[in-house]
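If you want the building blocks of each chain, they are given just below.
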Amino acid sequence: MSPFRIAAVAVPSIALGLGAVGYRRARASLADAEAAWQKIAAASRPASAAFHPDMVAELPEIARRYFAHAIAPGTPLRTTVELEMRGTFLLGDRSGYQSYAMTARQILAPPKAFVWIPQMRSGAMRISGSDALVGTEAWTRFWLLGVIPVANARSSPDLLRSATFRSAMEGVWAPASLLPQQGVTWEQSGADSARVTVRSVTPEIVLELTLASDGAVRTVAGQRWSNANPEGSFRLQPFGGTVEGEATFGGYTIPGRLKVGNHYGTGDYLPFFQAEIVRARYL
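Residues numbered from 1 in each chain as written. Predicted model: local features only at pLDDT ≥ 70, side-chain atom pairs only at ≥ 80, totals over all residues. Heavy atoms only, no water.

Some words on the overall build of the protein chain
Part 1 of the argument: In terms of regular secondary structure, the protein chain is built from three helices and 13 strands.
Part 2 of the argument: The C-alpha atoms of the protein chain give a radius of gyration of 19 Å, which matches the 19 Å a tight globule of 283 residues would have.
Part 3 of the argument: With 283 residues in all, the protein chain has 50% of them scored as buried.
Part 4 of the argument: Intrachain contacts of the protein chain at a sequence separation of at least 6 include 54% that bridge at least 24 residues.
Part 5 of the argument: For the protein chain, the exposed surface amounts to about 12,600 Å²; the carbon and sulfur share of it is 53%. (Helix = DSSP H or I, 4+ residues; strand = E, 2+ residues; numbered from the N terminus. Rg over C-alpha atoms; globule rule 2.2 N^0.38 Å. Buried < 20%, exposed > 50% of the residue type's maximum accessible area, 1.4 Å probe, protein only. Contact = heavy atoms within 4.5 Å. Areas by Shrake-Rupley, 256 points an atom, 1.4 Å probe, with all protein chains shown as cover.)

Below, the structure is given as structure tokens:
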């Protein structure tokens, strides 16, 4: 979930000039993403236990409520998931953006790994590419019409930190990754709210969850290391959004429809990522 701007370009002339070179680079970039996907999948391990409510009996009420809703008793505890999604992606910011129809697939192993491979369309415009976090490398690479580079953020400490936040927040799609056994602590911060600290990464990541009475996630937010601001400089700023529906796959009940974006809770908030999960397979 990395919004970026697309500069106005003379598409036909640039496409002709960059066609062969751009095509080769785009294909190589996709191959990198596929290789990273396979690396994450290969690192997943068979579940060593199945969920039982006794596992969370000592946690605060808000955590017990969440896990009772999110993981059915007897479900094998798996922390890697392959997702398929569709929805809308808004490129730009609150002052101006373009809407793209989106389909995407993703592998996710919170909080340290993911590969997201979307296809986005707006009229004649087609954007493809990938976001990834694998080991000590992260990237954001996207191409217009399969040949023109429109984003190429290479791995750096800033990008790694930002991508790690994304992976941790998306732990709501892999509920077993939020269990205490995974280096996560839960605090009840209100009647229906939780402060969830992911301690297995440095610096630690703190997520704020709001739950319904039945344990369904209603909002998720935190402070993301991001350069999505007018200055283009990396700093901590609000990121999050709302859950508008759920879905159940393989014993896990997860946010099935949600909207998230930068500057959550402020006047600059734009829910640029609006997705529905259509399939989830836990590895």
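From this point, the discussion proceeds with the structure in view.
A word on the pairing of strand S8 (residues 193-198)
Successive side chains on a regular strand alternate, one facing one side of the sheet and the next facing the other.
Part 1 of the argument: For S8, a buried count of five out of six residues is recorded, marking the element as mostly surrounded by other parts of the structure.
Part 2 of the argument: Of the pairings in the sheet, the one linking strand S7 (residues 184-190) to S8 comprises six bridges and is antiparallel in character. In the sheet register, Val184 faces S8, and the bridge partner there is Val198.
Part 3 of the argument: Connecting S7 to the antiparallel partner S8 that follows it, the hairpin turn spans two residues.
Part 4 of the argument: Linking two consecutive strands that pair antiparallel, namely S8 and strand S9 (residues 205-211), is a turn of six residues. (Pairing = 2+ DSSP bridges.)

Examining the environment of Gly190
Part 1 of the argument: In this structure, Gly190 sits in strand S7.
Part 2 of the argument: For Gly190, a relative accessible area of 27% translates into the label partly exposed.
Part 3 of the argument: Along the sequence, Gly190 and Trp116 sit 74 residues apart, while their C-alpha atoms lie 33 Å from each other.

Points about unusual backbone geometry
Part 1 of the argument: In this model, Pro110 is joined to Pro111 through a cis peptide bond whose omega is 0°.
Part 2 of the argument: As for its placement among the helices and strands, Pro111 is situated in the loop between strand S2 (96-109) and strand S3 (113-122).
Part 3 of the argument: Here the phi dihedral of Leu145 falls at roughly 55°; this positive angle occurs in a residue that is not glycine.
Part 4 of the argument: With respect to the helices, strands and loops of the structure, Leu145 is situated in the loop between strand S5 (137-144) and strand S6 (148-153).
Part 5 of the argument: Looking at Leu145, the relative accessible area reads 36%, which means it is partly exposed.

Let's talk about helix H2 (residues 61-70)
Part 1 of the argument: Extensive coverage of H2 is indicated by the burial of seven of its 10 residues.
Part 2 of the argument: Those residues of H2 that are buried lie in contact with S7, S8, S9, strand S10 (217-226), strand S11 (235-249) and strand S12 (252-262).

Looking at the nonpolar core
Part 1 of the argument: Of all hydrophobic cores here, the largest spans 69 residues; its most connected members are Phe67, Met85, Trp116, Trp173, Trp186 and Phe273.
Part 2 of the argument: Examining the composition of this core, we find that seven residues originate from one element, strand S13 (residues 270-282), more than from any other.
Part 3 of the argument: Residues in contact with Trp173, not counting those within four places in the same chain, are Val81, Leu83, Met85, Gln106, Leu108, Ile254, Pro255, Leu258, Phe273, Ile277 and Tyr282.
Part 4 of the argument: Within the second largest apolar cluster, 14 residues are counted, among which are Ile40, Ala109, Ala113 and Ala132. (Core = buried A, V, L, I, M, F, W, Y, C linked by side-chain atoms within 4.5 Å.)

Topic: helix H3 (residues 157-169)
Part 1 of the argument: Under the 1.5 Å per step criterion, the end-to-end length of H3 is 19 Å for 13 residues, consistent within 8% with the ideal 18 Å.
Part 2 of the argument: Of the positions making up H3, those classed as buried are Leu159, Ser162, Ala163, Thr164, Phe165, Arg166, Ser167, Ala168 and Met169. (Expected span 1.5 Å × (residues − 1).)

Here's the deal with the layout of surface pockets
Part 1 of the argument: Volume-wise, the second largest pocket comes out at about 450 Å³.
Part 2 of the argument: As for the second largest pocket, its lining consists of 25 residues, of which Arg78, Thr79, Thr80, Pro110 and Gln182 are closest to the centre.
Part 3 of the argument: Class assignment of the residues belonging to the lining of the second largest pocket gives a composition of 14 nonpolar, eight polar and three charged. (1 Å grid on protein atoms, 1.4 Å probe; cavity = no way out; pocket = protein on both sides within 12 Å on 5 of 7 lines; lining within 4 Å. Points joined across faces, edges and corners; volume = space filled by probe spheres on them. Nonpolar A, V, L, I, M, F, W, Y, C, P; charged D, E, K, R; others polar.)

So, the environment of Glu208
Part 1 of the argument: Mapped onto the elements, Glu208 comes out in strand S9.
Part 2 of the argument: The class for Glu208 is partly exposed, based on a relative accessible area of 32%.
Part 3 of the argument: Taking C-alpha positions, Glu208 is 9.5 Å from Met169, a pair spaced 39 residues apart along the chain.
Part 4 of the argument: Contact partners of Glu208, with chain neighbours within four places excluded, come to Ser189, Ala194, Arg195, Thr219, Val220 and Ala221.
Part 5 of the argument: Among the polar contacts listed, one links the side chain of Glu208 to the side chain of Arg195, at a separation of 3.3 Å. (Polar contact = N/O pair within 3.5 Å; in protein donor to acceptor, adjacent residues only side chain to side chain.)

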